[in-house]
Amino acid sequence: MNIHTRSIVGIDRFGHHERRNIRFGNPLHSARSVARRIFSDGAQHWHINYTKSAMYCVHAVKRADVTVSEREGSLLEQCTDLKKRVAGFALSTLLILSQGVVVSQLVIPPLPAHAVTNEQLLYLEAWRAVDRAYVDKTFNGQSWFRVRENTLKKKKLTTREDTYEEIKSMLKSLDDPFTRFLEPEQYQALKGATRGDVTGVGLEVSFPSSSARDKSGKAPLVVISPSTGGPAERAGIKAGDEILQIDGLDTESMSLYAAGNALQGASGSSVTLKVKSSSKLNMVKEITLTREKINIKGVDFGDCVAKPTSKRVGYIRIASFSKKTAEKVREVIEDLKNKNIEYYVLDIRNNGGGVFAAGIEVGRMLIDTGDLVLIADSDGVRDVYEAEGEALDTKTPMIVLVNKGTASASEVLAGALKDNKRATIVGENTFGKGLIQTLVELSDGSAVTVTVSKYQTPNGIDINKKGIEPDVRLTGEELEQIPLGPDKFCTFITGDEPLVDKILA
């Protein structure tokens, strides 16, 4: 009788799971070979799903018996339930059943007890964070369980530095630049950045798309957005420019956090960048910048009468999304409504994102019903963020200004406003960072960022590497003519600039 298993899920001695798909031929032969494979990896309990309708839970305990279960439910749910019901982890006998009939008995010696060191426990914390939440359940085509077992068996984790290096090596195997390890000082720096407390040159950088990399997979870091009024912007560095070197060090092999550390430093100190322009000329030049405290003014606004239309325009500039953004934007919208605004201009150019929830809350202030963003993992759409019927203004016409420095949470907002036909998107394709990371703090104050899912717009459009398509397309040169900030923008639209007609048409 041929038996074709659909999947197997195991629990090991640390309480972690691994899923495998295995095809059985001869039951006796397969039982023995699979058992050897499983237990050589140190697994303790395994579920074997023989058919679509029946699930057989096969487990071994100290006494020579076996439990067969035919219940509905996921493999992991049953595996967890089985773990609770089975007393102890020492194994002596394994019975493999087919449709309730014993077909083989295989005696396996008990697994030795292993003392787990503090360094191994820290490594396991990082491994578990990825195991539970990572978006790619193939883990880049490798057995995630085996990655962990190989490290614990073959690597000496004697110092904290050893452990950090093995965690970095483990995450590097995923080939995902956004799933990465943060040492305690890097984690603290990141938390400071989300509060807006940064001393540096005012640059947000990222990895380029895969198409921009050479055959070795290397490419210099690319600018997502310069901070408004910061040293980098004042020096003429723009979104899309490539940072080839930082103080003489090539950025091709740098991590984002190594680059961040190199760009930040004491106020008044200097850093030299080799920059390749994103313009058609592709000019390369060295620029020396002086670091300073970057006071990120997350939200700014103003109002004025546009000359071509004679309508009062409320301009809202969101430079980044922080924990305070939603509260501030709520105040701004209420203030502008009291001034009888006839048109909104929401400017999220060079907004590299930030706190995802803040972007959602701003969307809920402008959209009363409908989806705002879909969250999808490797199995499809898993979560939907919706409007909550408490919008502040759903009627006043709105223009949203975007460019290739518009990324992540700001792309989510732009996509929600576009797909719900709440606003007209004006500019160029946005950056295309549609991946969602969660930040998991580890017990020693370090952390891992883990890619857990992808953004999709309400219409199901994958943002990653594509960005949001504008409704009204402007060239890069045209976008540069439109100033950032309420005072300069109002001066622009009250003058005789022909571009104003194109924006507010």
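Before any of the text, the structure's been laid out above.
Asks: Looking at this model, I keep getting lost on the pairing of strand S17 (residues 312-318). Mind explaining?
Replies: Strand residues, when the strand is regular, have side chains that alternate between the two faces of the sheet. Among the seven residues in S17, six count as buried, and that is most of the element. Pairing of strand S16 (residues 299-305) with S17, which is carried by seven bridges, proceeds in the antiparallel orientation. What sits directly across from Cys 304, in S17, is Val 313. Sheet topology places S17 next to strand S18 (residues 343-347); five bridges connect them, and they run parallel. By the bridge assignment, Tyr 315 is partnered in S18 with Val 345. Handedness of the S17-helix H9 (residues 325-338)-S18 crossover: right-handed.

Asks: Is there a simple way to think about the nonpolar core in this case?
Replies: The tendency in soluble globular proteins is for nonpolar side chains to be buried side by side. One finds Met 170, Ile 316, Leu 346, Val 400, Leu 417 and Val 448 to be the most contacted residues of the largest nonpolar core, which totals 64 residues. Core analysis: the second largest hydrophobic core is formed by 20 residues, Tyr 315, Ile 399, Val 426 and Phe 489 among them.

Asks: So what exactly am I meant to see when it comes to the packing of aromatic side chains here?
Replies: Between two aromatic rings, the relevant description is the distance of the centres plus the angle of the planes. Counted under the stated rule, the structure contains eight aromatic pairs. Pairing Phe 139 with Trp 144 gives two aromatic rings, centres 5.1 Å apart and planes at 10 degrees, and the pair type is stacked. Like Trp 144, Phe 139 is buried. Relative to Tyr 385, the ring of Phe 356 has its centre 5.2 Å away and its plane inclined at 80 degrees; by these criteria the two rings are edge-to-face. Residue Phe 356 is found in helix H10 (residues 356-366), and its partner Tyr 385 is found in strand S20 (residues 380-386); the two are separated by 29 residues along the sequence. Phe 356 sits in the buried class, given a relative accessible area of 18%. Taking relative accessible area as the criterion, Tyr 385 reaches 28% and is therefore assigned partly exposed. A network of ring pairs unites the aromatic residues Trp 127, Tyr 134, Phe 139 and Trp 144 as a single cluster. Over the ring of Trp 127 we find Arg 148, and its NZ or CZ is 4.7 Å from the ring centre. Above the plane of the ring of Phe 178 lies Lys 433, whose end atom (NZ or CZ) is 4.9 Å from the centre.

Asks: When you look at the sheet that holds strand S25 (residues 472-473) in this model, what are you seeing that I'm missing?
Replies: Note on sheets: strands pair through backbone hydrogen bonds, and any given pair is parallel or antiparallel. Overall, mixed pairing links the six strands, which are arranged S16-S17-S18-S21-S22-S25 in an open sheet. The sheet is open, and its two borders are formed by S16 and S25, each paired with just one other strand. One ladder, built from four bridges, connects S18 with strand S21 (residues 398-402); its direction is parallel. Bridge pairing in S21 links Tyr 344 to Met 398.

Asks: What am I meant to see in the environment of Ala 258 here?
Replies: Topologically, Ala 258 is positioned in helix H8 (residues 256-263). Ala 258 gets classed as partly exposed once you look at its relative accessible area, which sits at 32%. C-alpha separation for the pair Ala 258 and Gln 186, spaced 72 residues apart in sequence, amounts to 9.1 Å.

Asks: Can you walk me through the pairing of strand S24 (residues 447-456) in this structure?
Replies: Burial analysis of S24 places nine of its ten residues in the buried class, which makes it a mostly covered element. Bridging between strand S7 (residues 180-182) and S24 involves three bridges; their strand directions are antiparallel. Looking across to S24, one finds that Leu 182 is bridged to Ala 447. Two strands pair when backbone bridges link them, and strand S19 (residues 371-377) and S24 are joined in this way by three bridges, in the antiparallel orientation. By the bridge assignment for S24, Leu 374 is matched with Gln 456. Sheet topology places strand S23 (residues 435-441) next to S24; seven bridges connect them, and they run antiparallel. Bridge pairing links Gln 437 to Thr 451 in S24. Hairpin geometry of S23 and S24 is characterised by an intervening segment of five residues between the two adjacent antiparallel strands and by a positive phi of about 95 degrees at Gly 445.

Asks: Looking at this structure, how should I read unusual backbone geometry?
Replies: Peptide bonds are trans in most cases, and residues, glycine excluded, mostly fall at negative phi. The backbone of Asp 175 sits at a positive phi, close to 55 degrees, despite the residue not being glycine. Taking the relative accessible area as the measure of exposure, Asp 175 reaches 63% and is therefore exposed. At Asn 340, a residue that is not glycine, the phi angle is positive and equals roughly 60 degrees. With respect to the helices and strands, the residue Asn 340 is situated in the loop between H9 and S18. Among the residues examined, Asn 340 registers a relative accessible area of 60% and is labelled exposed.

Asks: Could you clarify how one ought to interpret the side chain of Thr 325 in this entry?
Replies: Among the structural elements, Thr 325 can be located in helix H9. Take Thr 325: its relative accessible area is 2%, and that puts it in the buried class. Of the polar contacts made by the side chain of Thr 325, one reaches the backbone oxygen of Ser 320; its length is 3.4 Å. Those residues in contact with Thr 325 that sit more than four places away from it in its chain are Val 299, Ile 318, Ser 320, Ala 358 and Val 362.

Asks: Explanation requested: helix H3 (residues 118-133) in the structure shown.
Replies: Residues separated by three or four positions in an α-helix point in the same direction, a consequence of the helix having 3.6 residues per turn. Between the first and last C-alpha of H3 there are 23 Å, a value that for 16 residues agrees with the 22 Å anticipated at 1.5 Å per step. Restricting attention to buried positions, one finds in H3 the residues Glu 119, Gln 120, Leu 122, Tyr 123, Leu 124, Ala 126, Trp 127, Ala 129, Val 130 and Asp 131.

Parameters at a glance
Residues numbered from 1 in each chain as written. Predicted model: local features only at pLDDT ≥ 70, side-chain atom pairs only at ≥ 80, totals over all residues. Heavy atoms only, no water. Buried < 20%, exposed > 50% of the residue type's maximum accessible area, 1.4 Å probe, protein only. Helix = DSSP H or I, 4+ residues; strand = E, 2+ residues; numbered from the N terminus. Pairing = 2+ DSSP bridges. Right-handed = clockwise from strand over helix to strand, strands pointing away. Core = buried A, V, L, I, M, F, W, Y, C linked by side-chain atoms within 4.5 Å. Phe/Tyr/Trp six-rings, centres within 6.5 Å; stacked < 30°, edge-to-face > 60°. Lys NZ or Arg CZ within 6 Å of the ring centre and 35° of its normal. Polar contact = N/O pair within 3.5 Å; in protein donor to acceptor, adjacent residues only side chain to side chain. Contact = heavy atoms within 4.5 Å. Expected span 1.5 Å × (residues − 1).

Keep in mind these values describe shape, not function.
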